[in-house]
Amino acid sequence: MVTQNSFAILFSRSTCLLAAMVCLLSVGTRAESQVLTTSTFNNVVSTHELVFVNFYADWCRFSQILAPVFDEAAKKVKELFPDQGKVAFGKVDCDRETSISTQYHISKYPTLKLFRNGQAVKKEYRGQRSVEALTEFVRKQLEDTVQQHGKLEELDELQDKKRNMIGYFSDKETDSYKTYRRVAMQLRDDCVFHAAVGPISDGERAGAESKIVFRPPNTRHEDVGYTGETHNFDFMAQWMHDRCVPLVREITFENAEELTEEGLPFLILFHKLEDTEIVERFNNAVQRELLGDKNAVNFLIADGSKFTHPLHHLGKSSNDLPVLAIDSFRHMYLFPHDVKKDLDTPGLLKKFIDDLHSGKLHREFHHGPDPAQPAQIDNQEPAASPTDYPVPTPTQAPSEGKESASVAASDGNQGQQDNTQGQPAGNQGQPDGNQGQPEGQGHLPHDKDQPTVKAEVLTSPPDGGLKVKGQGLVCLISTGGHIPHDSDKPDTLTSPPESAFRKLAPSENRYTVLRERDEL
């Protein structure tokens, strides 16, 4: 017989179940950021104008702190921009989705990266980690970057030093204008975009729906016209990218800080100013072999007569130009071949970059060439012979009266500087110029016989901190220093390649002018 107590118990259980379901639903609505996996990542970033991604690890204390803040910011942004395909917040568990974290060279947690129209933006987010700051950052990224002009005369007064893209359109509702605006969002940090819309542009368009031109720096009437399809986003984006962001850029004292802040290692050709032939060959070689690495490495040229200090780090001088090297901001690595003779040899430049990503350059810098490959077995392809990468030996420091570059490269790890006081990379036998610290400090393990230094989880900042311009703290992979409890450590770790840039917030580096310092 069903008693009154039975009804009470049944009602109580039903109430609890309903309450639990309501809680689960409310949590689901609060967490507006999407979990991104290998199977969903490309689809999400390619179907939204803007995607803000949190690369995290569950064991990292700072990832745990950021998680609810990131979800709350995602909710606020969704309220501001509800349109489908406008903006999305995503999160990647790097312990589970190792292929994604490897593809984007994630070496610290959390890392916040922005994707526009499917393409990763080079500069990662380094601002405050508050709901308000994250929301404001994304809101500004969604602002229309196209500057509107009501008079054609205004377009004659554009800043000469900027790379300017100018569009003339019959109407903002045309497909050509919408495509132009999308590309402008993609390249907003690289070009200044302008538009003249309506009757004022009739004379320029000559009856066509649109006309788009590129105005190079320091020019007035030397515009380069776009002749492709004005509604084809991929074609227009590639054309504009090639002009707004040259694959090979020149590093100067003025832009060195900005280039360093992009957080990518340098492949840099030091050359004589008059040697335009080697510059052209370098451009062609990079275009031919390294297009796939353009989001992982900065390809640069430098006037070797000005940038004498980086050459000093390599044991070279202006008499040795041209010199080709990789600067990972831990070390500088010389191209192990004759630049003049071998720059055009297929595969050599690509192998140089691949050896950076794999850690081979870093390993051989400290321990010499890798062991020889095993003897070849019949019917097998011959094993590639190891490359003997030279260890740079510094030359005498430049004279005091000569304009030189700063020797200090701010490490970002515990507030120390790499290669301080004019010491060469490697610090004359001390690891990485870290003032005699043990090999595990701030270093990757170099061979399998050495114990792996596991990633650290910090519950309080170490002395000097791992601050990133107000961003807060991060967990670095294989950083050494404070070791957490075993329960906090991930089960398995693979050391990040050296191309994962660890110098988080450099304020000085060997490419900037010594303006306020009298000594090296």
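The rules behind these values
- Residues numbered from 1 in each chain as written.
- Predicted model: local features only at pLDDT ≥ 70, side-chain atom pairs only at ≥ 80, totals over all residues.
- Heavy atoms only, no water.
- Helix = DSSP H or I, 4+ residues; strand = E, 2+ residues; numbered from the N terminus.
- Buried < 20%, exposed > 50% of the residue type's maximum accessible area, 1.4 Å probe, protein only.
- Polar contact = N/O pair within 3.5 Å; in protein donor to acceptor, adjacent residues only side chain to side chain.
- Contact = heavy atoms within 4.5 Å.
- Pairing = 2+ DSSP bridges.
- Axes fitted to C-alpha atoms, helices over the stretch in contact; angles between N-to-C directions.
- Patch = residues over 30% accessible without salt bridge, like charges linked within 9 Å, V, L, I, M, F, W, Y side chains within 5 Å.
- Areas by Shrake-Rupley, 256 points an atom, 1.4 Å probe, with all protein chains shown as cover.
- Salt bridge = Lys/Arg side-chain N within 4 Å of Asp/Glu carboxyl O.
- Lys, Arg positive; Asp, Glu negative; His and termini not counted.
- Charge placed at Lys NZ, Arg CZ, Asp CG, Glu CD.
- pLDDT = per-residue confidence, 0-100.
- Disulfide = S-S within 2.5 Å.
- Parallel < 35°, antiparallel > 145°, perpendicular 65-115°, else oblique.
- Left-handed = near helix turned anticlockwise from the far one by under 90°.
- Nonpolar A, V, L, I, M, F, W, Y, C, P; charged D, E, K, R; others polar.
- Expected span 1.5 Å × (residues − 1).
- Arc of directions from axis to C-beta.

- Under an unreviewed UniProt entry, the name given to the protein is Thioredoxin domain-containing protein, and the organism recorded is Dreissena polymorpha.

## A closer look at the side chain of Gln186
(1) Moving on: Residue placement: Gln186 occurs in helix α6 (residues 175-186).
(2) Moving on: On the basis of relative accessible area, Gln186 is assigned to the buried category, the value being 16%.
(3) Moving on: In terms of polar contacts, Gln186 uses its side chain to reach the backbone carbonyl oxygen of Arg116, at 3.2 Å.
(4) Moving on: Here Gln186 is in contact with Arg116, Asn117 and Gln119, once residues within four sequence places are set aside.

## With respect to the sheet that holds strand β8 (residues 164-169)
(1) Moving on: Read across the open sheet, the five strands follow the order β7-β9-β8-β10-β11; overall the sheet is mixed. This sheet does not close on itself; its edge strands, each paired only once, are β7 (146-148) and β11 (224-225).
(2) Moving on: The sheet strands contacting helix α8 (residues 233-244) are β8, β9 (192-197), β10 (210-215) and β11, and the helix crosses β10 at an angle near 20°.

## So, a negative patch on the surface
(1) Moving on: Among the surface-exposed residues, Glu153, Glu154, Asp156 and Glu157 lie close enough to one another that they form a single negatively charged patch.
(2) Moving on: Structurally, Glu153 can be placed in the loop between β7 and β8.

## Regarding the sheet that holds strand β5 (residues 111-116)
(1) Moving on: The sheet built from five strands is open, its strands ordered β1-β3-β2-β5-β6 with mixed pairing. Strands with a single pairing partner mark the edges of an open sheet, and in this sheet they are β1 (34-35) and β6 (119-120).
(2) Moving on: Docked against the sheet, helix α5 (residues 131-141) engages β2 (50-56), β3 (87-93) and β5, running at close to 145° with respect to β2.

## Regarding the confidence of the model for the protein
(1) Moving on: Summarising the model, the protein shows a mean pLDDT of 75, and 65% of its residues fall at 70 or more.
(2) Moving on: Of all secondary-structure elements in the protein, the lowest mean pLDDT belongs to strand β17 (residues 409-410), at 34, while strand β13 (residues 266-271) reaches the highest, 97.
(3) Moving on: Every residue in residues 479-508 scores below 50 in pLDDT, and together they form 96 contacts with partners more than four places removed in sequence or on other chains.

## Re the state of the cysteines
(1) Moving on: Counted under the stated rule, the structure contains one disulfide.
(2) Moving on: Between the sulfur atoms of Cys191 and its disulfide mate Cys244 the distance is 2.1 Å. Across the S-S bond of Cys191 and Cys244 the torsion is about -100°, and the bridge reads as left-handed. Placement of Cys191 in the loop between α6 and β9 and of Cys244 in helix α8 is noted, with a sequence separation of 53 residues between them. Judged on exposure class, the residue Cys191 and its partner Cys244 are both buried.

## Some words on the pattern of salt bridges
(1) Moving on: Under the definition given, this model contains 20 salt bridges.
(2) Moving on: Here Arg126 and Glu124 are joined by a salt bridge, their closest N and O atoms 3.9 Å apart.
(3) Moving on: Judged by relative accessible area, which is 14%, Arg126 ranks as buried.
(4) Moving on: Across the pair Asp344 and Arg281 runs a salt bridge whose closest N-O atoms are separated by 2.8 Å. Of the two residues, Asp344 is situated in the loop between α12 (339-342) and α13 (348-358) and Arg281 in helix α10 (residues 276-289); the sequence distance between them amounts to 63 residues.
(5) Moving on: Residues joined by salt bridges that share partners form a network here, namely Glu49, Lys86, Asp144 and Arg181.

## A few points about the environment of Ala88
(1) Moving on: With respect to the helices and strands, Ala88 occurs in strand β3.
(2) Moving on: Owing to a relative accessible area of 6%, Ala88 belongs among the buried residues under this scheme.
(3) Moving on: Distance in space between the C-alpha atoms of Ala88 and Lys75 is 9.8 Å, their sequence separation being 13 residues.
(4) Moving on: For Ala88, the residues in contact, after removing those within four places along its chain, are Gln34, His48, Leu50, Val51 and Phe52.

## Remarks on the packing of helix α3 (residues 61-80) against α5
A packed helix pair is summarised by two numbers, namely the angle formed by the two axes and the spacing between the axes.
(1) Moving on: Between α3 and α5, the least distance of the axes is 8 Å, while the angle of their chain directions is 45°. Our classification of the angle between α3 and α5 gives oblique. Handedness of the α3/α5 crossing: right-handed. Residues Leu66, Val69, Phe70, Glu72, Ala73, Lys76, Val77 and Leu80 of α3 form the contact with α5, whose participating residues are Val131, Leu134, Thr135 and Val138.
(2) Moving on: Looking at the contact of α3 with α5, its residues break down into nine nonpolar, one polar and two charged.

## Observations concerning α8
(1) Moving on: For α8, built from twelve residues, the straight-helix expectation of 16 Å at 1.5 Å per residue is met to within 8% by its first-to-last C-alpha distance of 16 Å.
(2) Moving on: Residues Phe233, Met236, Ala237, Trp239, Met240 and Cys244 constitute the buried set of α8. The buried residues of α8 occupy an angular sector of 165° when projected down its axis, which confines them to one face.
(3) Moving on: On the buried face of α8, the contacting elements are β8, α6, β9, β10 and β11.
(4) Moving on: Its side-chain oxygen placed 3.3 Å from the backbone nitrogen of Asp234, Asn232 serves as the N-cap of α8.

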